[in-house]
Amino acid sequence: MFVVLIGCGEDMDGQIPVITKELELPLKENLWIFMMAGQSNMAGRATIEPKDKLTNNRILTINSKNEIIVAKEPLHFYEPSGAGLDCGISFGTEMLKSIPENVSILLIPMAVGGSSITQWINNDTHRGVNLLSNFTQRLKSSQNLGIIKGILWHQGEADAHSENAIQVYEDNMRTLFGKFRTIAGNISLPIVAGKLGSYAVNQTSWDKINESIVAYSLSDEFCEVIETSDLEDKGDRVHFNSNAQRILGKRYAEVMLKWVK
């Protein structure tokens, strides 16, 4: 089935429609959509190596022109000078091993480096992106083409710089994830959250954020946390390296499969 949407203006709901190139898409029920949200470790800062450039026609994404394309790294386009390998294609590749052969995956990148969870909640503009509005517009337009199956979340480094932000992080997760699910129209939408790494200069603060992430997940039956303590940074003590990003993708998929299967 070929789907070509023409035009790039706003639709009747005020959302920007997804523009596709001439691309064969499955039926709506067979296009599973996953949102990638958070800050730089979800956006990806790792080195893209030759093996990361392999593509699969069943793993799709959107580009900066809002066109659906076959996914290739880097997926995130909000910060071109910092774009690097993220966990998206690794996630998609692992998912394809266990889902029906007639199903394709659409990854929607929307993570912005340095953004705090409060900025997401308040829909602040960060590095030129209105965080929650961007999430809403891209989710709503994508729903015309497929089924929103889950959210991949990795964020918290920005909040670890403030003791006050650390103290309210668990409550802020509850607020933001509630907003995400309301926007999606699904109160049981699965959200998988990754812990911060174990290589930070201010590791004590990062560990406190991780404690909040775990504590929140225990109160939310549709949220689960993936472990990162064994993963390495790229040498800057902030960002996961290439191998870590590939492992992250697999771990996100292993958890998400518990719900979508």
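Residues numbered from 1 in each chain as written. Predicted model: local features only at pLDDT ≥ 70, side-chain atom pairs only at ≥ 80, totals over all residues. Heavy atoms only, no water.

A pair of packed helices is characterised by two quantities: the angle between their axes and the separation of those axes. Packing of helix α6 (residues 169–184) against helix α7 (residues 203–218) brings their axes to within 9 Å, and their N-to-C directions diverge by 50°. When the interaxial angle is binned, α6 and α7 end up oblique. The two elements α6 and α7 meet at a crossing, and its hand is right-handed. Two secondary-structure elements touch here, α6 through Tyr169, Glu170, Met173, Arg174, Phe177 and Arg181 and α7 through Ile209, Ser212, Ile213, Ala215 and Tyr216. Of the residues belonging to the contact of α6 with α7, the class tally is seven nonpolar, one polar and three charged. (Axes fitted to C-alpha atoms, helices over the stretch in contact; angles between N-to-C directions. Helix = DSSP H or I, 4+ residues; strand = E, 2+ residues; numbered from the N terminus. Parallel < 35°, antiparallel > 145°, perpendicular 65-115°, else oblique. Left-handed = near helix turned anticlockwise from the far one by under 90°. Contact = heavy atoms within 4.5 Å. Nonpolar A, V, L, I, M, F, W, Y, C, P; charged D, E, K, R; others polar.)

On to the packing of aromatic side chains. If you walk through the whole model with that rule in mind, you get eleven aromatic pairs. Judged by centre distance (4.6 Å) and plane angle (40°), the ring pair of Phe77 and Tyr78 falls under tilted. Taking 5.5 Å as the distance between ring centres and 80° as the angle between the ring planes, the aromatic pair formed by Phe177 and Tyr216 counts as edge-to-face. With Phe177 in helix α6 and Tyr216 in helix α7, this residue pair connects regions lying 39 residues apart in the sequence. Of the two residues examined, Phe177 and Tyr216, each falls in the buried class. Among the aromatic side chains, those forming a connected cluster through ring pairs are Trp120, Phe135, Trp153, Phe177, Phe180 and Tyr216. Above the plane of the ring of Trp32 lies Lys149, whose end atom (NZ or CZ) is 4.5 Å from the centre. (Phe/Tyr/Trp six-rings, centres within 6.5 Å; stacked < 30°, edge-to-face > 60°. Buried < 20%, exposed > 50% of the residue type's maximum accessible area, 1.4 Å probe, protein only. Lys NZ or Arg CZ within 6 Å of the ring centre and 35° of its normal.)

For the rest of this paragraph, the subject is the nonpolar core. Among the nonpolar cores identified, the biggest contains 79 residues, and Met95 and Trp153 are the most heavily contacted of them. It is helix α8 (residues 242–260) that contributes the most residues to this core, eight residues altogether. (Core = buried A, V, L, I, M, F, W, Y, C linked by side-chain atoms within 4.5 Å.)

Time to look at the confidence of the model for the protein. Looking at the protein as a whole, the pLDDT averages 92, with 92% of positions reaching at least 70. Throughout residues 1–14 the model reports pLDDT below 50, and contacts reaching past four residues in sequence, or to other chains, amount to 27 contacts. (pLDDT = per-residue confidence, 0-100.)

What follows concerns the environment of Lys140. You can see Lys140 is positioned in helix α4 (residues 131–142). Between the alpha carbons of Lys140 and Ala184 there is a distance of 7.6 Å; along the sequence they are 44 residues apart.

Here we take up α4. Under the 1.5 Å per step criterion, the end-to-end length of α4 is 17 Å for twelve residues, consistent within 8% with the ideal 16 Å. Across the twelve residues of α4, nine count as buried, placing the element largely inside the fold. Within the span of α4, buried status applies to Leu131, Leu132, Asn134, Phe135, Thr136, Arg138, Leu139, Ser141 and Ser142. (Expected span 1.5 Å × (residues − 1).)

Within the secondary structure, Asn123 is located in the loop between α3 (117–122) and β8 (125–126). Relative accessible area serves as the criterion here: at 26%, Asn123 is assigned to the partly exposed category. Distance in space between the C-alpha atoms of Asn123 and Asn134 is 8.8 Å, their sequence separation being eleven residues. Residues contacting Asn123, with those up to four places away along its chain left out, are Asn130, Leu131, Leu132 and Ser133. A polar contact of 2.7 Å, which involves the side chain of Asn123, links it to the side chain of Ser133. (Polar contact = N/O pair within 3.5 Å; in protein donor to acceptor, adjacent residues only side chain to side chain.)

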